[in-house]
There are 6 protein chains.
Amino acid sequence: MRRVEIIRHFSKYAAGSVLIKQGDTWVLCTASIEEKVPSFLRNSGKGWLTAEYAMLPSATVTRKERDIKKLKQDGRSVEIGRLIGRALRASLDLTLLGERTITIDCDVLQADGGTRCASITGGMVALEEAIRTLLLTGVLTSNPIKCRVAAVSVGICDGVPVLDLDYAKDSTADVDMNIVMTSDGRFVELQGTAEHNPFTDEQFDVLRGLAKQGCSRLFAEQESTFEAERRCYENCETQN
Amino acid sequence: MRRVEIIRHFSKYAAGSVLIKQGDTWVLCTASIEEKVPSFLRNSGKGWLTAEYAMLPSATVTRKERDIKKLKQDGRSVEIGRLIGRALRASLDLTLLGERTITIDCDVLQADGGTRCASITGGMVALEEAIRTLLLTGVLTSNPIKCRVAAVSVGICDGVPVLDLDYAKDSTADVDMNIVMTSDGRFVELQGTAEHNPFTDEQFDVLRGLAKQGCSRLFAEQESTFEAERRCYENCETQN
Amino acid sequence: MRRVEIIRHFSKYAAGSVLIKQGDTWVLCTASIEEKVPSFLRNSGKGWLTAEYAMLPSATVTRKERDIKKLKQDGRSVEIGRLIGRALRASLDLTLLGERTITIDCDVLQADGGTRCASITGGMVALEEAIRTLLLTGVLTSNPIKCRVAAVSVGICDGVPVLDLDYAKDSTADVDMNIVMTSDGRFVELQGTAEHNPFTDEQFDVLRGLAKQGCSRLFAEQESTFEAERRCYENCETQN
Amino acid sequence: MRRVEIIRHFSKYAAGSVLIKQGDTWVLCTASIEEKVPSFLRNSGKGWLTAEYAMLPSATVTRKERDIKKLKQDGRSVEIGRLIGRALRASLDLTLLGERTITIDCDVLQADGGTRCASITGGMVALEEAIRTLLLTGVLTSNPIKCRVAAVSVGICDGVPVLDLDYAKDSTADVDMNIVMTSDGRFVELQGTAEHNPFTDEQFDVLRGLAKQGCSRLFAEQESTFEAERRCYENCETQN
Amino acid sequence: MRRVEIIRHFSKYAAGSVLIKQGDTWVLCTASIEEKVPSFLRNSGKGWLTAEYAMLPSATVTRKERDIKKLKQDGRSVEIGRLIGRALRASLDLTLLGERTITIDCDVLQADGGTRCASITGGMVALEEAIRTLLLTGVLTSNPIKCRVAAVSVGICDGVPVLDLDYAKDSTADVDMNIVMTSDGRFVELQGTAEHNPFTDEQFDVLRGLAKQGCSRLFAEQESTFEAERRCYENCETQN
Amino acid sequence: MRRVEIIRHFSKYAAGSVLIKQGDTWVLCTASIEEKVPSFLRNSGKGWLTAEYAMLPSATVTRKERDIKKLKQDGRSVEIGRLIGRALRASLDLTLLGERTITIDCDVLQADGGTRCASITGGMVALEEAIRTLLLTGVLTSNPIKCRVAAVSVGICDGVPVLDLDYAKDSTADVDMNIVMTSDGRFVELQGTAEHNPFTDEQFDVLRGLAKQGCSRLFAEQESTFEAERRCYENCETQN
């Protein structure tokens, strides 16, 4: 598995702001809070979380034209934004969040495979950073985070199961699977694709095991970014 | 599992045209052939298959506004179109198809849950209908279909594993999984989502088993629609 | 004139749902009701009817790209949608409808000429189906339908006046006219076009006569679809 | 009928440029020539004519937002542009035009009813102005204009047949009809609409008669704008 | 400097309507008033002025495709519209205007260089025309116009400083500068561009001097259009 | 003037990649090369440079919605992208560049005033980075860079001339001017705006002087980033 670095408080304006580097994949994940909800939740007492995913034009080997030039959001970006949203909503008790919306923006600065998984793992930290601010400022009194989520890709390359595929591996893999787990060991999302060479039960079970190992390491990384703050933060909580 | 009816040769212009009814879910699946490929495949000798998914405004309980009015393709439709395309490409040897593109259009006339799975199961039959025409007319000399694919949804509702969820069940399910299999028992795509209540290994294994049963029945339905024709068709093949 | 078949209650969600088959032209016409009106009618006490027309990609010999791919509604579809709306509004007393909007969706499943006329004739039945529900459920107490409307195309092909042109005739006709009439024999809309060979008064008069015959037959078809129901419905009305 | 003024050579860049004033309705009609045709005519030897219609934001009592702000061409403008195109194509022998496209732009500077008809009448003059240039410069050797076309609106207001409706009359008329005729007395397009009060055969016949009178006067106006030029032009022709 | 002609009350519906002709550059400038403001000014007591700039398709030597066909407002038009808005807002005390929005539409009928400057100079007159109406009708009681603005282009062509460039000069100029001044001799906007041959302090100072001369003449032109009216208007004011 | 930091080789895929930090304003500037030119330069032997500017949603205090959601590029971004392009083209001999296009992408990660100027200063370094690669790899044999450009903002805040405005100062400034200079002391672009309080000749002269000082410091910063490389690079050049 590639080296993971999670840099918190990366930029200064968003409520949560994280730069996650997983090898050469770099994603800026930010969390913004708005005091309103989509119309289908109005007067429900519940909050919402939505996510958007995009690549900078310079993030890939060949420059990627901006969506606005084609007046159409890239289909893959739509699909990934929806995945990130579902994954991160699984970490929240939306009733405790109250009628507000959190938007998670995942902007890929550099893409070397696994950007959607890094977005979820980093987005979780940005989300928690934002929630902590809401708790510290007294906007929220109970923590709506039920558990953390993290995501990792696994695949089969030349018949060998691989954890955390970079772009080179990803583009030649027979099976490509993205697995989102909760910190208590359950599955939130499981997306396996094998357009070129369908997989068997046994292959799937090996990949699932590998993903569990990967997610464990990611949960440790997430936890470590909050360590210093946790002490300070718990003190603050006591004092309130 | 709900009653499945696959009506072939539904409309008269497309190369393949199938109306699939799975309970109250009705999808018109058509296959159209164009003698050119996307630019990334030009001069590769390979063909391509792409799919589009849309709902008629009257397909759901509340009228659904047309995408063109919002100048934006519905995010869910984008995601499903991409899934159908990946699933059906898994059934094809694109080299044997030659430099042509098959477009599978899945237009939902009535939606009662499971429309993406019905689109794949029905789209497979429309695809095969179109390929048979290409073989009969001599445009193709080898059959590019490697295997059939079919898809079924499974989920956990009130703690009980369920096969082939209708809309009422789908909207209250804790886990919702769409599984695409090949006729030789392998997995092409496996998409499990549990935004509200993440699932365990054991729950997943039960659902996977259920999906296998469901797909077996769908493969039988697909096969039966070609029975009469197969005899005629195999004769034709012999004579050629 | 081609054989006309009007299938009512075709799909289950819309307030009115009709599949009209006129030869090989098949149009799904549905009526949906919304309890609000466009801003120019707010607080006027009046209702509104609007119509949308579209072709499925597989409806024609050559696959027709979806509007959303070009981010532009097809000009011909815009023009036809506006025509259907004007035609069907002529059948309604909008004050009796009250402040609600009926949307007529005409989706062409198969196109063999005369789709705009079939949309009006079939849309009228879907509209009436929806109005009957509003009357039966007591939402409306007076019937806002003033009269029925139906439409037929006429033209001059190789010098010969023709009623109800199919695609082959339509594409070679010198004059192409679409006539919308009311069930009491007046004209709602009259659109004659002769880009290639302008027509004379005399030719016009022959075509108008032909159209009247065609509309008579269409009114009979519409009427027959309500026959069984009428008895039941009139009984219901008496009982209320 | 309102006073008609046709000002030729209004602006200096387009091949044909006409400002037509019909009462307070002012339309700038220009004809531009491009040495290529739409793909469906390539290598056919035939030319094409297309038309676009738009209103300036300040043309109406209430400022009209620009289409580009809504990213959608106004439905009424689409419909009218198509009408103008069909009407003016009827005046041309497209084979004599050769593989070039003439675009007629009709931009309404001030709208007081009857803009579509004024666009056709003025567009015809702009078209002829452009064709004359092509003839004079030797690009064309035979005149592709078969006849002139002109258009007028007629209607029934408070039961009285009226010729050339201004906005006040148009918005209260029971029947509104736009009639496009050729200079040899035939009909190119005939669009009658009676959303509020359908019309009878007899009413139609009266309106048709009125329209013929109106078109006669418009043909005289068109003719007079070419009088001086005609002498010069015929001399030129002789000398060539 | 080219001959300038400012025709007031050009069209009849807008609150202010001016056709400015500067040589062969013709721009129709209109001012429309709406009794509401953008959301960022709601309940601020302040008004707003916004401007839109567009070219008719026939305004240039080569026909310019309409923005709506490309679904994208021309970048240059966006830039110019923003410039006109900033320039004209500098003439207004937005608090005295009250919570209403004035939209200045600048539609270029014929373009021979300097269209953005002519739009500002002519737009100022249309703005004043509209404000006068608001004063005369008592909607406003104090005049929100602080000063007039006008704009002129200057440039260096073949080493020679030039005032008021037409298209031929503009397209070969080394330096191209648009200067917006107030009637009391100060600068509102100053945009110099020298993509091909950057300029020096000295060159700039010469151009600035030239622009001052040009603006003086434009202020005189603006003033003269109000002369007759001023007398009448001041009388009216006295009588009120 | 705020502290400037120019980080070269920031991301790994683009031909040039620079992160410029000017106080809390951070812009990622990248240069991508394509071996083709816009149609108006085809077969001219000349190259082209174009620029695009955008803000990440999290770059500002209030989250900024993505352009693609509104299907419209932000007007301010259009204007700034065009400015960056003109400014950087002034540094190039497009004939020496040959028929290729360089795209400069300026993506604002954090915005605290002066983003357009930072984009130009940083974009110049990214451009030079890309050109050096083309020279080192022998694609180019002569350096097309004629001079460097840099940009700085100046303004008048509470009557005091200020260099390099941050957001707080920028939003209250009476005059706001962006000046682009060449490394040889001439002006490429000069954009002064004084919507609220027009400026005099004297004020302008003070600001221009201030801008010259600012640009001098920026040229020094640009130069220092190439120092180490220059030695290496000049050696390489000698060896070739």
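Up top is the structure.
Rules used in this analysis
- Starting afresh in each chain, residues are numbered from 1 along the sequence in its written order.
- Chain letters and ligand numbers both follow the written order, the letters beginning at A and the numbers at 1.
- The model is predicted, so local features are restricted to residues of pLDDT at least 70 and side-chain atom pairs to those at 80 or more, both for listing and for counting; the totals for chains, interfaces and linings are taken over all residues.
- Values shown for side chains rest on all heavy atoms present in the structure; no hydrogens or waters enter the calculation.
- Going along the chain from the N terminus, every DSSP run of H or I of four or more residues is numbered as a helix, and every run of E of two or more is numbered as a strand.
- Every radius of gyration here is taken over C-alpha atoms, with the globule rule written as 2.2 Å times N^0.38, N being the number of residues.
- Partly exposed describes any residue whose relative accessible area lies between the buried limit of under 20% and the exposed limit of over 50%, with all areas from a 1.4 Å probe on protein chains only and scaled to the type maximum.
- The contact definition used throughout considers only heavy atoms, calling two residues in contact when any of these lie within 4.5 Å.
- A residue counts as positive if it is Lys or Arg and as negative if it is Asp or Glu; His and the chain ends are not included.
- Just so you know, the charge point we use is NZ for Lys, CZ for Arg, CG for Asp and CD for Glu.
- Strands are treated as partners if at least two bridges between them are detected by DSSP.
- Lines are fitted to the C-alpha atoms to define the axes, a helix being fitted only along its stretch in contact, and any angle between axes, read from their N-to-C directions, falls within 0 to 180 degrees.
- Here the word oblique covers every angle except those under 35 degrees (roughly parallel), over 145 (roughly antiparallel) and from 65 to 115 (roughly perpendicular).
- Note: crossing handedness is left-handed where the near helix turns anticlockwise from the far helix by less than a right angle, and right-handed where it turns clockwise.
- Residue polarity follows a fixed list, in which Ala, Val, Leu, Ile, Met, Phe, Trp, Tyr, Cys and Pro are nonpolar, Asp, Glu, Lys and Arg are charged, and the others, Gly among them, are polar.
- Once two parts are put together, the accessible area they lose, assessed with a 1.4 Å probe and summed over both, is termed the buried area.
- The term salt bridge refers to a pairing of a side-chain nitrogen on Lys or Arg with a carboxyl oxygen on Asp or Glu at a separation within 4 Å.
- Each polar contact in these results corresponds to two N or O atoms within 3.5 Å; when the atoms are within protein, one needs to be able to donate a hydrogen and the other to accept it, and residues that are neighboring in sequence are counted only if both atoms are side-chain atoms.
- Any two of the Phe, Tyr and Trp rings considered here, Trp counted by its six-membered ring, make a pair once their centres fall within 6.5 Å; the pair's planes then place it as stacked at under 30 degrees, edge-to-face at over 60, or tilted in between.
- Any Lys NZ or Arg CZ that is within 6 Å of a ring centre and within 35 degrees of that ring's normal is treated as a charge sitting over the ring.
- Cysteine sulfur pairs qualify as disulfides if the two atoms are within 2.5 Å.
- Copy-to-copy alignment: least squares on C-alpha atoms, limited to residues at pLDDT 70 or above in both.
- To estimate the expected span of a helix, count its residues, drop one, and scale the result by 1.5 Å.

### What to know about the overall build of chain A
- For chain A, the helix and strand inventory stands at seven helices and nine strands.
- Taking 18 Å as the expected radius of gyration for a compact globule of 240 residues, we find that chain A reaches 18 Å, a close match to that expectation.
- Out of the 240 residues in chain A, the part that is buried amounts to 60%.
- Sequence-distant contacts, at least 24 apart, represent 69% of the contacts inside chain A between residues at least 6 apart.
- Looking at chain A, you have 30 positive and 34 negative side-chain charges, and the mean spots of the two groups are 4 Å apart.

### As for the sheet that holds strand β7 (residues 160-163) of chain C
- One open sheet holds the eight strands; their spatial order is β7(C)-β6(C)-β8(C)-β9(C)-β9(D)-β8(D)-β6(D)-β7(D), and the pairing between them is antiparallel. Pairing within the sheet leaves two strands with one partner each, and these edge strands are β7 of chain C together with β7 (160-163) of chain D. Averaged over all neighbouring strand pairs, the angle between strand axes comes to 15 degrees, with direction disregarded.
- Relative to β7 of chain C, strand β6 (residues 149-157) of chain C is paired through four bridges, and the arrangement is antiparallel. Bridge pairing in β7 of chain C links isoleucine 156 of chain C to proline 161 of chain C.
- This element, helix α4 (residues 115-136) of chain C, spans β6, β8 (175-182) and β9 (187-193) of chain C of the sheet and lies at about 160 degrees to β6 of chain C.

### Looking at the packing of helix α2 (residues 75-89) of chain A against helix α4 (residues 115-136) of chain A
Residue and element names in this part refer to chain A.
- In contact at an axis separation of 10 Å, α2 and α4 are set at 40 degrees when each is read in the N-to-C sense. Classified by the angle their axes make, α2 and α4 are oblique. Between α2 and α4 lies a crossing of right-handed hand. Here Arg76, Ile80, Leu83, Ile84, Ala87 and Leu88 of α2 lie close against α4, whose contacting residues are Thr115, Arg116, Ser119, Ile120, Gly123, Met124 and Leu127.
- Residues of the contact of α2 with α4, tallied by class, amount to eight nonpolar, three polar and two charged.

### With respect to the interface of chain A and chain B
- Between chain A and chain B, the contact holds 31 residues from the first and 31 residues from the second.
- Counting each side, the surface lost to burial between chain A and chain B is near 2,900 Å², with a carbon and sulfur contribution of 44%.
- On the chain A side of the contact with chain B, Glu79, Glu195 and Pro198 of chain A bury the most area, a combined 21% of that side's loss.
- On inspection of chain A and its partner chain B, the count reaches 12 salt bridges.

### A word on the interface of chain E and chain F
- Chain E puts 31 residues into the contact, and the matching count from chain F is 31 residues.
- Our count for the contact surface shared by chain E and chain F stands at 12 salt bridges.
- Taking the shortest distance from any N to any O, the salt bridge between glutamate 195 of chain F and arginine 89 of chain E comes out at 2.5 Å.
- At the junction of chain E and chain F, the tally comes to 22 residue pairs in polar contact (both at pLDDT 80 or more).
- Mapped by element, the contributors of at least two residues to the side of chain E that touches chain F are α2 (75-89), β9 (187-193) and α6 (201-225) of chain E.
- Considering only residue class, the side of chain E that touches chain F consists of 10 nonpolar, eight polar and 13 charged.

### Observations concerning the sheet that holds strand β8 (residues 175-182) of chain E
- Strand order in the open sheet formed by eight strands is β7(E)-β6(E)-β8(E)-β9(E)-β9(F)-β8(F)-β6(F)-β7(F), with antiparallel pairing between adjacent strands. Taken across any chain shown, the strands that pair with only one partner, and hence form the sheet edges, are β7 (160-163) of chain E together with β7 (160-163) of chain F. Across the sheet, the mean angle separating the axes of adjacent strands is 15 degrees when strand polarity is ignored.
- Direction of pairing for β9 of chain E relative to strand β9 (residues 187-193) of chain F: antiparallel, over a ladder of five bridges. Paired with glutamate 189 of chain E across the bridge in β9 of chain F is threonine 193 of chain F.
- The sheet strands contacting helix α4 (residues 115-136) of chain E are β6 (149-157), β8 and β9 of chain E, and the helix crosses β6 of chain E at an angle near 160 degrees.

### A closer look at the side chain of aspartate 105 of chain B
- Take aspartate 105 of chain B: it is sitting in strand β5 (residues 101-110).
- For aspartate 105 of chain B, the contacting residues outside a window of four places in its chain are Leu28, Cys29, Thr30, Ser32 and Glu52 of chain B together with Pro57, Arg63 and Arg66 of chain C.

### Section: the packing of aromatic side chains
- Tallied over the entire structure, the rule returns 27 aromatic pairs over all chains.
- Each member of the aromatic cluster is reached from another via a ring pair, and the members are Phe187, Phe199 and Phe204 of chain A together with Phe187, Phe199 and Phe204 of chain B.
- Seen from the ring of tryptophan 26 of chain C, lysine 21 of chain C lies directly overhead, with NZ or CZ sitting 4.3 Å from the centre.

### Comments concerning the state of the cysteines
- Scanning all chains against the criterion turns up zero disulfides over all chains.
- Sulfur of cysteine 117 of chain B: no disulfide; nearest cysteine sulfur belongs to cysteine 215 of chain B and is 7.9 Å away.
- With relative accessibility at 4%, the residue cysteine 117 of chain B sits in the buried group.
- Here cysteine 29 of chain E stays free of any disulfide, with the sulfur of cysteine 106 of chain E as its closest cysteine sulfur at 4.2 Å.

### Re the relation of the copies chain E and chain F
- The two copies are related by a screw operation: chain E maps onto chain F through 180 degrees of rotation and 0.0 Å of translation along the axis, at an RMSD of 0.0 Å. Here the transformation between the copies is reduced to the relation of a two-fold axis. Considering only C-alpha atoms, the residue of chain E closest to the rotation axis is glutamine 191 of chain E, which sits at 2.2 Å.
- In this assembly the copies share their binding face: 100% of the residues contributing to the interface of chain E also contribute to that of chain F.

### Some details on unusual backbone geometry
- Positive phi outside glycine occurs at aspartate 158 of chain C, with the angle close to 50 degrees.
- Note that aspartate 158 of chain C resides in the loop between β6 and β7.
- Unlike most non-glycine residues, histidine 9 of chain D shows phi in positive territory, near 50 degrees.
- Of note, histidine 9 of chain D is situated in the loop between β1 (4-8) and β2 (16-22).

### Some thoughts on the relation of the copies chain A and chain B
- If you rotate chain A by 180 degrees and push it 0.0 Å along the axis, it lands on chain B with an RMSD of 0.0 Å.
- Here 100% of the interface residues in chain A have copies in chain B that are interface residues too; the copies meet face to matching face.

### Quick look at helix α4 (residues 115-136) of chain F
- Compared with the 32 Å implied by 1.5 Å per residue over 22 residues, the 31 Å span of α4 of chain F between its first and last C-alpha is a close match.
- The element α4 of chain F is extensively covered by neighbouring structure, given that 20 of its 22 residues are classed as buried.

### Observations concerning the pattern of salt bridges
- Taken as a whole, this structure holds 146 salt bridges over all chains when the rule is applied.
- Between arginine 132 of chain A and glutamate 128 of chain A there is a salt bridge, and its shortest N-O distance comes to 3.1 Å. With arginine 132 of chain A and glutamate 128 of chain A both in helix α4, this residue pair falls four residues apart, about one helical turn.
- Residue aspartate 164 of chain B pairs with arginine 2 of chain B through a salt bridge whose shortest N-O separation is 3.1 Å. Of this pair, aspartate 164 of chain B sits in the loop between β7 (160-163) and α5 (167-170) while arginine 2 of chain B sits in the segment before β1 (4-8), and the two are 162 residues apart along the sequence. For the pair aspartate 164 of chain B and arginine 2 of chain B, one class covers both residues: buried.
- A single network of salt bridges, built from pairs that share partners, joins Asp201, Asp205, Arg208 and Lys212 of chain A together with Asp201, Asp205, Arg208 and Lys212 of chain B.

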